Amino acid sequence: MTRTAIITGSTSGIGLGIAEAFAAEGFNIMLNGFGDADEIEATRAELDAKSAGTVAYNGADMTKPDQIEQLVLQTEEQFGAVDILVNNAGIQHVAPIEEFPISKWDAIIAINMSSAFHTIRAALPGMKKRGFGRIINIASAHGLVASPYKSAYVTAKHGIVGLTKTIALEAAQDGVTVNAVCPGYVLTPLVEGQVADTAKARGITEDEVKNDVMLKAQPTKEFVTVEQLGAVCVFLSTEAAASVTGVSMPVDGGWVAQ
Ligand code: NAD
């Protein structure tokens, strides 16, 4: 049976890496995220060629509950099921709270946290009915520990960890697992953007941010890769992972072990 996965925010970075890993396993995939329409279509076609399944795209805006519901409904209509839901879309803003724009707070809470409430709310009934589901929330090491100047992000990611545990309990007897993956730093466009902002907030150079702030927290002194995260998500999607639920798994080079 070909399983179907929705991956939110999969036009870039970690989401795209997870899509690559699922394509290699032959899943049907519903891509989602923003970007240049031609580039997205090229990505979709490339993944479609790699996967034994079919790869489609829906551009739902994760700040809009009605579009999120349509994303789930369209996927169920096209593929007959949503077996795997990866809540990955996210944005970042780095600033001291006194200077934190209210609009950025609202956007981060909506995209990084509330969107997962809306996708799960729409997808869980079908998973329960079919007796199989895998919900994977891409949280962060910042879902488990804090750093200064990231008030909205740390709040949203801690919220996602709480949502993960709650829905794991609600779905435990229905063949549905709910887990969070908590990456350390991955060099994606989201992090590249943060380097400059953090340099400004802390009054240091961009190299100092990479080496002394980001990798300072990671004992391995290596950035996490999207391939490593894709492999973890593939494992969580298997039958073998049926008893792994309610877990928030750090993939962070030892960051939160300290
Ligand atoms: P990225 O900027 O490379 O990708 C973000 C994706 O989300 C893109 O596809 C973008 O189009 C999409 N997106 C943004 N706003 C959206 C919206 N309103 N509706 C739909 N899609 C939207 O970022 P990334 O680094 O790959 O981050 C992906 C996830 O991983 C985020 O939740 C992030 O918090 C988390 N994360 C990243 C790191 C890291 O170091 N990069 C570490 C821990 C957790």
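About the cut-offs
Residues numbered from 1 in each chain as written. Predicted model: local features only at pLDDT ≥ 70, side-chain atom pairs only at ≥ 80, totals over all residues. Heavy atoms only, no water. Helix = DSSP H or I, 4+ residues; strand = E, 2+ residues; numbered from the N terminus. Expected span 1.5 Å × (residues − 1). Polar contact = N/O pair within 3.5 Å; in protein donor to acceptor, adjacent residues only side chain to side chain. Buried < 20%, exposed > 50% of the residue type's maximum accessible area, 1.4 Å probe, protein only. Near = heavy atom within 4 Å. Areas by Shrake-Rupley, 256 points an atom, 1.4 Å probe, with all protein chains shown as cover. Nonpolar A, V, L, I, M, F, W, Y, C, P; charged D, E, K, R; others polar. Domains from an automatic or database assignment. Pairing = 2+ DSSP bridges. Axes fitted to C-alpha atoms, helices over the stretch in contact; angles between N-to-C directions. Contact = heavy atoms within 4.5 Å. Left-handed = near helix turned anticlockwise from the far one by under 90°.

Honestly, helix α2 (residues 37-50) in this entry has me stumped. Any pointers?
The periodicity of an α-helix, 3.6 residues per turn, causes residues three or four places apart in sequence to face the same way. Taking 1.5 Å of rise per residue, the 14 residues of α2 would be expected to cover 20 Å, and the 20 Å separating its terminal C-alpha atoms lies within 8% of that figure. The N-terminus of α2 is capped by aspartate 36, whose side-chain oxygen sits 3.2 Å from the backbone nitrogen of aspartate 38.

Explain the environment of isoleucine 91 to me, please; I cannot follow it from the model alone.
Along the chain, isoleucine 91 falls in the loop between β4 (84-87) and α4 (102-130). Judged by relative accessible area, isoleucine 91 falls into the partly exposed class, the value being 29%. A sequence separation of 107 residues divides isoleucine 91 from threonine 198, and the C-alpha atoms of the two residues are 15 Å apart.

I would appreciate a short explanation of the site of the ligand in the present structure.
Lining the immediate surroundings of the ligand are 30 residues, of which Ser12, Asn88, Tyr153, Val186 and Thr188 lie closest. Glycine 9 places a main-chain nitrogen or oxygen 3.2 Å from an oxygen atom of the ligand. With respect to the ligand, the backbone of valine 186 contributes an N or O atom lying 2.7 Å from an oxygen atom. Protein coverage of the free-state accessible area of the ligand, which is 840 Å², stands at 93%. Residues belonging to the shell around the ligand are distributed by class as follows: 16 nonpolar, twelve polar and two charged. Looking at which domains feed residues into the shell around the ligand, each of domain 1 (4-185 + 225-257) and domain 2 (187-223) gives three or more.

Explain the sheet that holds strand β3 (residues 55-57) to me, please; I cannot follow it from the model alone.
Across a sheet, paired strands are connected by hydrogen bonds in the backbone, their directions being either parallel or antiparallel. Overall, parallel pairing links the seven strands, which are arranged β3-β2-β1-β4-β5-β6-β7 in an open sheet. This sheet does not close on itself; its edge strands, each paired only once, are β3 and β7 (248-251). The average angle at which neighbouring strand axes cross in this sheet is 20°, direction not considered. Pairing of strand β6 (residues 176-183) with β7, which is carried by four bridges, proceeds in the parallel orientation. Paired with valine 181 across the bridge in β7 is methionine 249. Across the face of the sheet, α2 comes into contact with β2 (28-31) and β3 while running at roughly 160° to β3. Of the strands in this sheet, β4, β5 (133-138) and β6 are in contact with α4, which crosses β4 at around 170°.

Mind showing me how you'd approach the packing of helix α3 (residues 65-79) against α4 here?
Packed helices, taken two at a time, are described by their axes: the angle between them and the distance between them. Between α3 and α4, whose axes approach to 9 Å, the crossing angle comes to 30°. Remark: the crossing between α3 and α4 carries right-handed chirality. On α4, the residues that touch Pro65, Ile68, Glu69, Val72 and Glu76 of α3 are Ser115, His118, Thr119, Ala122, Ala123 and Gly126. Residues that form the contact of α3 with α4 fall into these classes: five nonpolar, four polar and two charged.

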